[in-house]
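Observations on the model geometry
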Amino acid sequence: MSKIIAVTSGKGGTGKSSISACLGYALAKQGNRTLIIELDFGLRCMDIMLGMQGNITYDLGDVLEGTCDVYKATTTVKLASNLSVLCAPSDPFVQLKAEDIEKITQEMRKYFE
C-alpha cells in the first residue's frame with residue numbers, strides 16, 4: 001500500500017519545497033516509485049528545484065480544468081527515474097477543493113508508492 005507524506009506549514013519560507021524535493025529524491029533513489037504533488041499555487045518552484053524548468057508540459061491546473069488526466073500531467077524527473085512531479089498550476093487563481101486533492105491522491109496510489 002502506498003503512503004502519503006504531507007509537508008505543511010502555515011508560514012512561507014520554512015523549507016517545505018526543499019524538504020519535499022530532497023525527501024522525494026531520497027525515496028526514489030531507494031527504489032520507491034515516488035510522486036511529489038506541488039500545491040504552492042502562488043510560488044511554483046518544484047520544477048526549478050528538480051532541474052526541470054521548461055520541461056513541464058501539463059500541471060495540476062490542466063488536471064483541474066479537465067484538459068488532461070492526472071497521470072499524463074506527471075513528469076518524470078531526469079535525476080531519478082523513480083521520481084515524478086505534478087507541478088502546481090502556472091495560474092495561481094485556479095480553484096482547488098480538498099475533495100480534488102483526495103481524488104487525485106487516490107488515483108495516483110495505483111502508480112506510486
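Right, let's walk through the structure included here. (Residues numbered from 1 in each chain as written. Predicted model: local features only at pLDDT ≥ 70, side-chain atom pairs only at ≥ 80, totals over all residues. Heavy atoms only, no water.)

**Remarks on the pairing of strand β3 (residues 83–86)**
Sheet faces and side chains relate simply in a regular strand, where the side chains alternate between the two faces. The alternating pattern of β3 places Leu83 and Val85 on one face and Ser84 and Leu86 on the opposite face, and all of these are buried. Here strand β1 (residues 34–37) pairs with β3 via four bridges, running parallel. Within β3, the residue paired with Leu35 across the bridge is Ser84. Following strand β2 (residues 75–76), the chain reverses through six residues before pairing antiparallel with β3. (Buried < 20%, exposed > 50% of the residue type's maximum accessible area, 1.4 Å probe, protein only. Helix = DSSP H or I, 4+ residues; strand = E, 2+ residues; numbered from the N terminus. Pairing = 2+ DSSP bridges.)

**A look at the side chain of Thr75**
Checked against the element boundaries, Thr75 lands in strand β2. Excluding anything up to four places from it in sequence, Thr75 contacts Met52, Asn55, Ile56, Leu83, Ser84 and Val85. (Contact = heavy atoms within 4.5 Å.)

**Points about the sheet that holds β3**
Sheets are built from strands that pair by backbone hydrogen bonding, the pairs being arranged parallel or antiparallel. In spatial order, the strands read β1-β3-β2; together these three strands make up an open sheet with mixed pairing. Looking at strand neighbours, the two that pair on one side only are β1 and β2, the edges of this open sheet. The sheet strands contacting helix α1 (residues 16–29) are β1 and β3, and the helix crosses β1 at an angle near 165°. (Axes fitted to C-alpha atoms, helices over the stretch in contact; angles between N-to-C directions.)

**Things to note about helix α5 (residues 98–108)**
Every buried residue of α5 is accounted for by Ile104, Thr105 and Met108. Projected onto a plane normal to the axis of α5, the buried residues spread over an arc of 95° and lie on a single side. Opposite its buried face, α5 presents the exposed residues Glu99, Glu102 and Lys103, each directed more than 90 degrees away. Against the buried residues of α5 lie β1, α3 (60–65), α4 (70–73) and β3. (Arc of directions from axis to C-beta.)

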